[in-house]
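# Overview (structure and organization)
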Amino acid sequence: MHRWSELFIPTLREAPADAEVASHKFLVRAGYIRQLAAGIYSYLFLGNRSFNKIVAIVRQEMDKIGQEFFLPALHPRELWEASGRWALMGDNLFRLKDRKGADMCLGMTEEEVMTEIARKELRSYKQLPQIWYQIAPKFRDEPRPKSGLLRVRQFMMKDAYSFDIDVAGLDVSYKKHYDTYCRIFDRCGLKYMVVEADSGAMGGKESHEFMVRTPAGEDQIVSCDGCNYAANMEKATSKLWPVDDLAAEGDGKPLEVHTPGQKTIEDVAKYLGVSPKNKIKTLALMAEEKDEKTGKTKSRGIVVLMRGDHQLNEAKLNGAVAVATRPMEEGEIKALFKSPAGYLGPVGIEWARDLKKDTHLPVLLVDKALEGRTNLIGGANKEDYHLKNLTPGVNFHPTAYVDLRAVTAGEACPNCGNALRIDPAVEIGHIFKLGDRYTQKMGARVLDKNGKEVTPIMGCYGIGIERILTAAVEQSNDENGFWLPPSIAPFEIVVTPINVKDETLLRAAIDLAAQLEAAGFDVILDDRDERPGVKFKDADLVGIPFRINVGRKVTEGTVEVVLRSTRELRDVTISAVVEHFRGALRAQA
RNA sequence: CGGGGAGUGGCUCAGCCUGGUAGAGCACCUGGUUCGGGACCAGGGGGUCGGAGGUUCAAAUCCUCUCUCCCCGACCA
């Protein structure tokens with residue numbers, strides 16, 4: 001039996017000064033964790049117990065669809081060069097040298113190691129599909145660790161990798177993970193949402209993120225209360241109300257209008273007496289890319305056109321061009337547009353026809369909201385002048401139409417038209433159709449039914465173990481502490497004798513705890529010789545969902561059962577306690 | 001990497017501006033009184049003031065450098 005008096009549960013009356021978010025404050029105060037360095041934490045007794053319960057749930061569910069491995073965290077440089085990630089990962093990869101001076105790194109994920117095994121061992125379609133997973137530490141040299149366990153440099157991750165003979169197989173493996181993740185997060189008692197996610201520059205096709213809403217979250221998710229639409233900001237869209245285009249003026253060809261000193265969208269729209277919706281917003285950006293061979297930096301103009309009243313979503317842009325961009329400098333603007341900022345437009349410049357080809361030409365990306373619009377007003381590339389009668393595809397030729405618009409709260413849901421909301425959220429899981437990126441590069445090949453060599457198709461699937469804990473704490477706390485779902489709480493029930501010097505009370509409490517333990521509950525006995533107030537405060541703080549007060553009423557055969565989440569208090573006869581908890585725990589506090 | 005803030009006993013912080021015996025509350029130890037929501041009284045232990053250098057008769061305090069931590073931003077397959 002776990003006796004509080006013998007355990008190390010260093011609770012703190014005050015939160016450490018450097019803790020900001022609720023989960024950080026409470027996990028430290030409750031004695032779950034202690035910080036070792038920025039983004040590096042030790043798990044103490046309670047923290048580790050909760051952690052192990054989460055891991056056990058993840059393992060149980062994953063074992064139904066896959067096989068657990070345990071892979072090294074220390075990897076040789078060659079492996080990461082084979083996948084191309086040695087260069088790609090930059091400073092986020094922890095790098096070190098061994099005594100011989102050979103470069104090594106600490107794994108951020110294990111695609112390379114898993115693919116290496118697949119490459120060496122898998123020969124035939126008969127061996128597929130495979131789902132391999134592990135639960136192991138991961139390392140990322142984050143530029144800015146923050147928010148306690150939310151963004152750390154060492155963390156535990158369940159990472160799984162699937163290998164299939166073809167895309168149809170991948171779809172099956174992906175679906176298995178999707179369903180498994182739902183089961184895992186359900187069992188962990190989290191209120192989560194599944195959102196469509198951006199697959200980024202990694203060439204994947206489909207991707208979902210599992211998110212938990214919390215003010216501490218770093219991601220923004222767009223969702224609809226009217227239907228089940230939910231998406232990451234990078235992927236979210238909304239329904240636009242139709243806009244009336246302006247009538248063509250004059251002969252319908254681009255028409256120069258004098259707009260002296262009118263530089264902003266607002267100014268020009270007001271000056272010309274039109275809505276910003278009929279204006280083109282021209283954003284001049286620069287993409288800079290290092291040539292891996294020559295080491296030289298190549299830059300290329302990226303010009304983005306948005307509807308006048310719309311904002312650019314940079315994540316969408318990054319996804320579209322697959323390189324980092326920055327605003328153009330004054331000289332660069334002059335060089336391309338031959339005009340000062342404020343009067344920029346797409347007309348009269350030769351744009352690349354294709355993003356990949358024509359790399360010597362600047363790129364013109366036009367937001368989808370402008371596709372099909374006519375007679376817009378944009379800059380004339382001439383100081384104090386704008387152009388009327390601009391129609392995309394007629395007066396200028398976009399390199400591509402892309403969805404680049406940032407959705408804002410209150411816009412209409414693309415599915416049902418309800419108002420969309422935007423909330424901060426924490427990502428607790430991410431599933432990803434990888435394709436053949438790794439298997440191709442690293443030379444994994446199997447023979448198919450026809451004896452033809454094919455490249456296996458991969459999926460990768462991650463769950464952040466500490467983020468489950470963090471999200472659970474964020475989700476359920478008040479000024480006194482937090483309460484965890486019974487499935488992941490370090491203990492389900494704390495039995496609190498009001499006065500341990502009273503032999504009757506103590507004995508009754510011990511008996512009750514033993515009974516509950518025998519019935520399979522995870523119980524801690526708070527047998528400390530402390531005043532009741534101290535024990536109550538601690539019990540409220542440390543995340544245990546139920547408390548049983550053993551007080552004077554034991555002489556009448558009853559104890560008090562307290563539900564931490566609501567503070568609801570109920571007298572229960574001792575003989576009925578076990579039965580009571582069977583029901584209560586089934587109802588998942 | 002840019003901007004901001006902070007390092008003083010285990011924790012939260014005061015003292016620094018204006019240099020002169022290192023403080024408070026909580027926690028801890030001993031004794032006593034208490035005992036259903038972080039008790040009270042008495043006594044006690046514990047700090048190279050992040051580090052290095054400098055100015056000064058004298059530095060937690062002033063100056064220079066440096067390390068660490070936190071926050072905002074950039075970044076985050």
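First things first, this report covers the structure right here in the doc. (Residues numbered from 1 in each chain as written. Chains lettered and ligands numbered in written order. Predicted model: local features only at pLDDT ≥ 70, side-chain atom pairs only at ≥ 80, totals over all residues. Heavy atoms only, no water.)

Take the overall build of chain A next. Each helix and strand in chain A was counted, giving 14 helices and 33 strands. By its C-alpha atoms, chain A is 100 × 65 × 45 Å across when sized along the principal axes. Of all 589 residues assigned to chain A, the portion counted as buried reaches 51%. Intrachain contacts of chain A at a sequence separation of at least 6 include 69% that bridge at least 24 residues. Of the roughly 26,900 Å² of accessible surface on chain A, 49% is carried by carbon and sulfur atoms. Between the centroid of the 81 positive side chains of chain A and the centroid of its 84 negative side chains there is a distance of 2 Å. (Helix = DSSP H or I, 4+ residues; strand = E, 2+ residues; numbered from the N terminus. Buried < 20%, exposed > 50% of the residue type's maximum accessible area, 1.4 Å probe, protein only. Contact = heavy atoms within 4.5 Å. Areas by Shrake-Rupley, 256 points an atom, 1.4 Å probe, with all protein chains shown as cover. Lys, Arg positive; Asp, Glu negative; His and termini not counted. Charge placed at Lys NZ, Arg CZ, Asp CG, Glu CD.)

What follows concerns empty space enclosed by the protein. Taken as a whole, this structure holds one cavity of 30 Å³ or more when the rule is applied. Estimates place the volume of the largest cavity at around 30 Å³. Taken together, Ala-539, Asp-540, Ile-544, Phe-546, Arg-547, Val-562 and Arg-564 form the lining of the largest cavity. Among the elements of the structure, helix H13 (532-541) and strand E31 (546-550) are those that each provide at least two residues to the lining of the largest cavity. Of the residues assigned to the lining of the largest cavity, the class counts are four nonpolar, no polar and three charged. (1 Å grid on protein atoms, 1.4 Å probe; cavity = no way out; pocket = protein on both sides within 12 Å on 5 of 7 lines; lining within 4 Å. Points joined across faces, edges and corners; volume = space filled by probe spheres on them. Nonpolar A, V, L, I, M, F, W, Y, C, P; charged D, E, K, R; others polar.)

Right, let's get into helix H12 (residues 503-518). Since the α-helix advances by 3.6 residues per turn, residues separated by three or four positions end up pointing in the same direction. With 16 residues, H12 extends 22 Å from end C-alpha to end C-alpha; this agrees with the ideal 22 Å at 1.5 Å per step. Of the surrounding secondary structure, the elements contacted by the buried residues of H12 are strand E28 (493-497), strand E29 (523-525), E31, strand E32 (558-563) and helix H14 (577-586). The distance from a side-chain oxygen at the start of H12 to the backbone nitrogen of Thr-504 is 3.0 Å, and the residue carrying that oxygen is Asp-502. Once H12 ends, the next one or two residues include Gly-520, with phi positive near 100 degrees. (Expected span 1.5 Å × (residues − 1). Polar contact = N/O pair within 3.5 Å; in protein donor to acceptor, adjacent residues only side chain to side chain.)

Judged by pairing direction, the sheet is antiparallel, and its three strands sit side by side in the order E5-E7-E6 without closing on themselves. On the outer flanks of this sheet lie strand E5 (74-76) and strand E6 (94-97), each paired with one strand and no other. Across the sheet, the mean angle from the axis of one strand to that of its neighbour is 35 degrees, orientation sign disregarded. Both E5 and strand E7 (residues 103-106) contribute to a ladder of three bridges, which runs antiparallel. When the sheet's bridge partners are listed, Leu-74 is paired in E7 with Leu-106. (Pairing = 2+ DSSP bridges. Axes fitted to C-alpha atoms, helices over the stretch in contact; angles between N-to-C directions.)

Applying the stated rule across the entire model yields 43 salt bridges. A salt bridge links Arg-59 to Glu-68, with the shortest nitrogen-to-oxygen separation between them at 2.7 Å. Owing to a relative accessible area of 33%, Glu-68 belongs among the partly exposed residues under this scheme. (Salt bridge = Lys/Arg side-chain N within 4 Å of Asp/Glu carboxyl O.)

Overall, mixed pairing links the three strands, which are arranged E26-E27-E30 in an open sheet. In this open sheet, the two strands that pair with only one neighbour each are strand E26 (477-478) and strand E30 (542-543). Across two bridges, the pairing between E26 and strand E27 (residues 481-483) is antiparallel. Looking at the pairing, Asp-478 lines up with Gly-481 of E27.

Under the definition given, this model contains 15 aromatic pairs. With a centroid separation of 6.1 Å and 45 degrees between ring planes, the pair formed by Phe-45 and Phe-491 is classed as tilted. Here Phe-45 is found in helix H2 (residues 45-63), whereas its partner Phe-491 is found in the loop between E27 and E28, with 446 residues between them in sequence. Classification of Phe-491 as buried rests on a relative accessible area of 0%. Within the aromatic cluster, the residues linked to one another by ring pairs are Tyr-178, Tyr-181, Phe-185, Tyr-192 and Phe-210. Taking NZ or CZ as reference, Lys-382 lies 4.5 Å from the ring centre of Tyr-385, over its face. (Phe/Tyr/Trp six-rings, centres within 6.5 Å; stacked < 30°, edge-to-face > 60°. Lys NZ or Arg CZ within 6 Å of the ring centre and 35° of its normal.)

Another point: the pairing of E31. Burial of E31 is extensive: five of the five residues sit out of reach of the surface. Taking every second residue as pointing to the same face, both faces of E31 are buried, with Phe-546, Ile-548 and Val-550 on one and Arg-547 and Asn-549 on the other. Two strands pair when backbone bridges link them, and E28 and E31 are joined in this way by five bridges, in the parallel orientation. The residue of E31 that forms the bridge with Val-494 is Arg-547. As judged from the four bridges shared by E31 and E32, these two strands associate in the antiparallel manner. Opposite Ile-548, over in E32, you have Val-561 as the bridge partner.

So, on to helix H9 (residues 330-337). Those residues of H9 that sit buried are Glu-332, Ile-333, Leu-336 and Phe-337. Axial view of H9: buried residues confined to an arc of 105 degrees, hence all on one face. Counted as exposed and oriented over 90 degrees from the buried face of H9: Glu-330, Gly-331 and Ala-335. Once H9 finishes, Lys-338 follows within two positions and takes phi at roughly 60 degrees, a positive value. (Arc of directions from axis to C-beta.)

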